[in-house]
Every structure is written in C-alpha cells, then in structure tokens.
Amino acid sequence: MAPIAPQQRSVVIIGGGPAGLTAAYELSKHSIPAVVLEADVTVGGLSRTVNYKGYLFDIGGHRFFTKWDEVNQLWQEVLEENFLERPRLSRIYYRKKFFFYPLKARNALFGLGPLESIRIIFSYLRSRLFYYHNEQNLEQWVSNRFGRRLYEIFFKTYTEKVWGVPCTEIRAEWAAQRIKGLSLTTAVRNALFKQTTPKVKTLIDSFQYPQRGPGQMWETLTNRLRRRGYPVLMERPVTKICHNGSGVTQLETRGPNGVERFPGTHFISSMPIRELVGAIDPPAPEEVQRAAKQLRYRDFLIVSLIINRKDVMPDNWIYVHEAGVRVGRIQNFKNWSPAMVPDANKTCLGMEYFVFENDDLWSSSDRELIELAKREIQKLGLARAEEVEDGAVVRMPKAYPMYDNGWAKQVETIRRYLETTLPNLQLVGRNGMHKYNNQDHSMMTALCAARNILGANHDLWAINTEPEYHEEKREAPKELVEPERRRPAYAEPSLLPRPMSSLHTQAGTSPLVPRTSRAKAASAN
C-alpha cells in the first residue's frame, strides 16, 4: 500500500484480550488513534477473571512469566504494587498419588514403585533402539524422549482429555513447544548427580500474579486506555471486514447500537481465523474459505466449587491423569492469591473440563455440571460432596487452537491470501494466528504489529516458534554475565520483510522461520 503520513493513520483493533489491548496501549504511547472492538461484555478474553459472589477465578490458571523483558516491564508498569510474587506447587494426580510437575525423575520413579520403574527403564531403552526417525505426532515425540511406558502414564491420558482426539492426531510441533525437551537419561542424570551446565530456571519455586487475578491487568489497562482517549467498546462483534481488493477499508459490527462502521488505515485482528475469513466482504476465494472451515478448536468450561474448608490441598493446581473422571485439571485459586477468596476459612476450586462446543458436557445445565464436579472431587478424595456449598459454571468457546493434521497448510493458505489481498490487516494472538501462544507471546505479537504500523518490519509469525520448552530460561554462569544486561536473541522477533517468499513452500511444510535464522537476524540488529 502507499505510505500513509503519521498524522493520517488510524487503527481498528478486533478483540479486547491481551493482544488487542497491548496493541492499543503501544499505539497510545505514540499518539496513533485506535479503537478496540470487543465482542463480549468484559475484557481479557481467556485471561479474564470472573467474580462470583466475591470469589474470583480464572478461565484456567494464568501465571505471568515471560522471556521478554519489555513484556514484564509492561506488566509491572500497569499493575505496580498489585503484582505479586507467589509460591508455586503443581503436581500430577495419578493412581491416588501425587507427582511433581515438571516431572522429577527420582520422585516419579520412586512414586511408581520398583516394578513400574523397571518397566519404564526398559521401555526407554527400547525407544533408544527402535525410535521414530521422522516425528509426526505427539505420541512419537514423547516416546522418543521418555519411552512409551512413561508416555502412557504421564502424557497420554491427560493430553487426550485436553484435546479430545488421540495423541497420534496431535502434531509434534505442539509437543515441542509445550513439553520440556529432556530425555529420560538427562532427567535421571540431573536427579542423581550435581549439574555442571548452566542452571535451568523454570519458575518451579514461584511465579508472578496480579493480586485479584489476570483480569485485573486487563481491566486496569482498559481504564488507562480510556483515560487517554482510546475507546474500548464492548458488545461489538465484527460481522463484516470490508475491503476493496487492495486492503481493508472498514469493519462492521452489530451491537447495542445496531450496525456500526469503523473505518481505518490499519487493522489488527485477534478474532479466530475461521470467523475472520467468514466475515470478509467481498468473500475470500473458495480455497481460502475451505481452509478456514477446516481449522478446529478445543473449547473449555470451568466449574468453580466453593468448599467449606480452610485448606484442601497445598497446590496452585494439579493435573488429573485418572481416566475414571472427566476433569482434566483442578485450580486452587486461594493459593494463587489470598485475595481471590473473600473468606479465609473457605476454598475455591476450579474444576476444568476440556470439551467441544455442543458436546454432552457443554450442553449440560449448570446444575448438572456442578453435581458432576462434586462427585468427581469426592471420587478423587480431595473433598467430600457435602463440603461443597455452592458453585458456578463458565463456558469459553475456542479456547485452544488445534494442531491437528493439515493445520499448517490451512493457515499457510489463509496467510498467503491475507498478505497479498489485505496487507493492512495483521493477525495477532492465540486465535488470531491459530497458534498455541501463551499470554506473553500474544502480547509480543501485538507489540510488534503496532510497531509495524509505526514503520518497523517485524515478522509476527516468527514469534513463539522455537522448538523448546516455553517456560525455560537458561541462567548463564556468573563469570560469563556481561556488565551491561542485554536482551537475548530469542527476545527479538525476526526483523525481516513480512515474508512472501516464506509462504511459497512445498505443500504441507511449515511456513515458520527456522530458529537459527531468527537468532542470527536478531543478533545482527
């Protein structure tokens, strides 16, 4: 598109979650006019906080951890003294026993008993001899690193609860980003012998968290934007993305004021890609529409139970690997922050269920879901059903973009069309890019999208592509620390042209920029 003078730029942002609000905040610092359109009645998206009779709970737990210093600085800038340092404990519940998560070899092997440990060791040795040379799915990826027996115990049941499909249908890319990339040999060696390599810092002991939940971050930021004259409009679902063949011209919404139109020079979207493509007017080519319709999502619901007991468990959350219950994860919000519970003598547990929209759980009444959660919390031995005083249910559609077969090719098809036909539209965030981004990844895509409008040329799709554990940050030996702190290479998105060449790859291959080339480009800048 032809260059637009700074004083003539105006931005319309779809979505009032972490990505959309971060983009607006960055633009506000440079006096670029922007408006945020949120379909829901509250901000925060998946990172909102729900208030039920004074009991606060997340839509899933949201720790605040990042590799990017500037994201951490933004959190500190917004929340100030309301940003807490909290002790962390997360465990796996399996066969009525608890195991630390991330897994610790000694705890796992001794907790499972000698016979099971022997089976695990032999299974691992077998995986060394007969391994998958071309890892395509999660089962292959985990089995190669831990052996099939440990995969079946600590990965298979929980992962299939989360995604609702066999692990053989979940791509290896997801495993590489979400599971710590250690082999069993390394884990056992680290458990038994003193480490001489740089320490791995994984927030095992503590994490940061807003005093009143993650929603406090986004509600505070929304208020700050509004005071600066940047509207954040609620109940404005986007129904049309109007374009002239060379760029988006305006958005249409339907809300409390009927049909409204929002023209702009630049547009940023965090709405699900499937819905975005369906809203394009004139319509996208059939090939693009077909690719969008094939993208799948996993939905989520949480049943929060108010327990008449001061202490239920010491954990912040536990992963439930029992096949006999449908709950996948249990949050203990009191242990996230004492302010989440108005009565210190009671506890609020969040029973998390991973579902497909309109399946049997999603379609159940709130009363039925609360009764199910009560039965399951008792079956797990964590609380008695009669101790449950009250409960609340929240449903969240499209919580997790699915990395199933064909997803990369489908996203590539959509990207090629958008980048050639609608170059003034940038996609950010988890659903906006159909990438399993964490909150900080989503924020970083938004920061870079805003800076692209200001004249930078960041490749948003290179963010969160490193094939390593997403919560791991290596701490260099003291003698190697430089006097002046510098941002590591992974904190810099690739300063490459928004790639057209990277889209013209062979069918079925990922269009993502290789990690090595990203690091070199970052270092050069």
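Quick note: structure is the one above.
**Student:** Honestly, the overall build of the protein chain in this entry has me stumped. Any pointers?
**Tutor:** Looking only at helices and strands, the protein chain features 17 helices and 22 strands. Taken over 525 residues, the protein chain has a buried fraction of 57%. Look at the contacts in the protein chain between residues 6 or more apart in sequence, and 74% of them connect residues 24 or more apart.

**Student:** Quick question: what am I supposed to make of the sheet that holds strand β12 (residues 248–255) here?
**Tutor:** Backbone-to-backbone hydrogen bonds join strands into a sheet, with any given pair of strands oriented parallel or antiparallel. Spatial strand order, β13-β12-β11-β15: four strands in an open sheet with mixed pairing. The outermost strands of the open sheet, each flanked by one partner alone, are β13 (258–263) and β15 (280–281). Two elements, strand β11 (residues 238–243) and β12, share five bridges in a ladder whose sense is antiparallel. Bridge pairing in β12 links V238 to T253.

**Student:** For this particular structure, what's the right way to read a nonpolar patch on the surface?
**Tutor:** There is a patch of nonpolar side chains on the surface, built from I118, I121, F122 and L125 and spanning about 380 Å² of accessible area. Mapping I118 onto the fold places it in helix α4 (residues 114–129). Judged by relative accessible area, I118 falls into the partly exposed class, the value being 46%.

**Student:** Please explain helix α14 (residues 407–421) as it appears in this structure.
**Tutor:** Residues three or four positions apart in an α-helix share a direction because the helix packs 3.6 residues into each turn. The first and last C-alpha atoms of α14 sit 21 Å apart over 15 residues, in line with the 21 Å expected at 1.5 Å per residue. Of all the 15 residues making up α14, twelve are buried; the element is thus mostly covered by neighbouring parts of the structure. Those residues of α14 lying buried are W407, A408, Q410, V411, E412, T413, I414, R415, Y417, L418, E419 and T421.

**Student:** Sorry, what's going on with the environment of L89 here?
**Tutor:** Structurally, the position occupied by L89 is in the loop between β5 (83–87) and β6 (90–94). Relative accessible area serves as the criterion here: at 22%, L89 is assigned to the partly exposed category. A sequence separation of 229 residues divides L89 from I318, and the C-alpha atoms of the two residues are 8.6 Å apart. Sequence-distant contacts of L89, defined by excluding residues within four places in its chain, comprise F100, P314, D315, N316 and W317.

**Student:** Where do I start with the pairing of β13 in this structure?
**Tutor:** Sheet faces and side chains relate simply in a regular strand, where the side chains alternate between the two faces. The sheet contact formed by β12 and β13 spans six bridges and is antiparallel. Following the sheet pairing, Q250 is matched in β13 by P263. Hairpin geometry of β12 and β13 is characterised by an intervening segment of two residues between the two adjacent antiparallel strands.

**Student:** I would appreciate a short explanation of the environment of R148 in the present structure.
**Tutor:** In this fold, R148 is placed in helix α6 (residues 148–163). By relative accessible area, R148 is classed as partly exposed at 36%. Expressed as a C-alpha distance, the spacing of R148 and R119, which sit 29 residues apart in the sequence, is 9.9 Å. In this structure R148 touches S123, Y132, E139 and S143, once residues within four positions along its chain are discounted.

Conventions adopted
- Residues numbered from 1 in each chain as written.
- Predicted model: local features only at pLDDT ≥ 70, side-chain atom pairs only at ≥ 80, totals over all residues.
- Heavy atoms only, no water.
- Helix = DSSP H or I, 4+ residues; strand = E, 2+ residues; numbered from the N terminus.
- Buried < 20%, exposed > 50% of the residue type's maximum accessible area, 1.4 Å probe, protein only.
- Contact = heavy atoms within 4.5 Å.
- Pairing = 2+ DSSP bridges.
- Patch = residues over 30% accessible without salt bridge, like charges linked within 9 Å, V, L, I, M, F, W, Y side chains within 5 Å.
- Areas by Shrake-Rupley, 256 points an atom, 1.4 Å probe, with all protein chains shown as cover.
- Salt bridge = Lys/Arg side-chain N within 4 Å of Asp/Glu carboxyl O.
- Expected span 1.5 Å × (residues − 1).

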